Amino acid sequence: MTLPSSFKQHSLANRLGQALELAVCHAQAFGREYVFVTTFAQHASSLVAKNAEHFAFQLRELFKLDTRRFEMVELRGDLMNPQFWRWRFEWVGNSPLSARSELVISHSQRNQMLSLLHIPANMQAATA
């Protein structure tokens, strides 16, 4: 997948302490701090899902974000048919716990996220 130039490569530690390379984009909008993440290679299962809490902690610190405004969104698929997975956490101080994700299915929310990533909505494949 060729990513928009807004994504930058960052090295984050996984739950085992191993360094992993992720593509990350930070955007501010609607009173929120959106941190988009994606992997450089397709994985059979979500690498982000296995490490969501660890990644959220590191990304919040990297961008110096307030937990009340922090939104982590995983980009899966390709740019012609992207899927956005919004990650939610219960924050205890600066520690994210109880990670859970939901697929963003709202057309308006998808368009907002595409706009934040500078991906033209007209570039998207028609979806039913």
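Up top is the structure these notes are about.
Enquirer: Please clarify how the sheet that holds strand E4 (residues 70-78) should be interpreted in this entry.
Expert: Paired through their backbone hydrogen bonds, the strands of a sheet run either parallel or antiparallel. Taking strand neighbours across the sheet as the criterion, the six strands line up as E1-E2-E3-E4-E5-E6 in an open arrangement whose pairing is mixed. Every other strand in the sheet has two partners, leaving strand E1 (8-13) and strand E6 (95-103) as the edge strands with one partner each. Each neighbouring strand pair of the sheet contributes to a mean axis angle of 35 degrees, computed without reference to strand direction. Pairing analysis gives six bridges linking E1 to strand E2 (residues 19-29), with the strands arranged antiparallel. Across the sheet, Lys 8 pairs through a bridge with Val 24, a residue of E2. Here helix H1 (residues 47-62) sits on the sheet and contacts E1, E2, strand E3 (32-39), E4, strand E5 (81-92) and E6; the angle it forms with E4, its principal contact strand, is near 135 degrees. The strands touched by helix H2 (residues 107-116) are E2, E3, E4 and E5; relative to E5, the strand with the most contacts, the crossing angle is about 95 degrees.

Enquirer: I'm lost on unusual backbone geometry in this one. Help?
Expert: In terms of backbone geometry, most residues other than glycine have negative phi values and most peptide bonds are trans. The backbone of Ser 98 sits at a positive phi, close to 55 degrees, despite the residue not being glycine. Topologically, Ser 98 is positioned in strand E6. The partly exposed category is assigned to Ser 98, whose relative accessible area is 41%. Here His 118, not a glycine, exhibits a phi torsion of approximately 60 degrees, which is positive. When you line up the elements, His 118 lands in the segment after H2.

Parameters at a glance
Residues numbered from 1 in each chain as written. Predicted model: local features only at pLDDT ≥ 70, side-chain atom pairs only at ≥ 80, totals over all residues. Heavy atoms only, no water. Pairing = 2+ DSSP bridges. Helix = DSSP H or I, 4+ residues; strand = E, 2+ residues; numbered from the N terminus. Axes fitted to C-alpha atoms, helices over the stretch in contact; angles between N-to-C directions. Contact = heavy atoms within 4.5 Å. Buried < 20%, exposed > 50% of the residue type's maximum accessible area, 1.4 Å probe, protein only.

Functional significance is not addressed by these values, which are geometric in nature.
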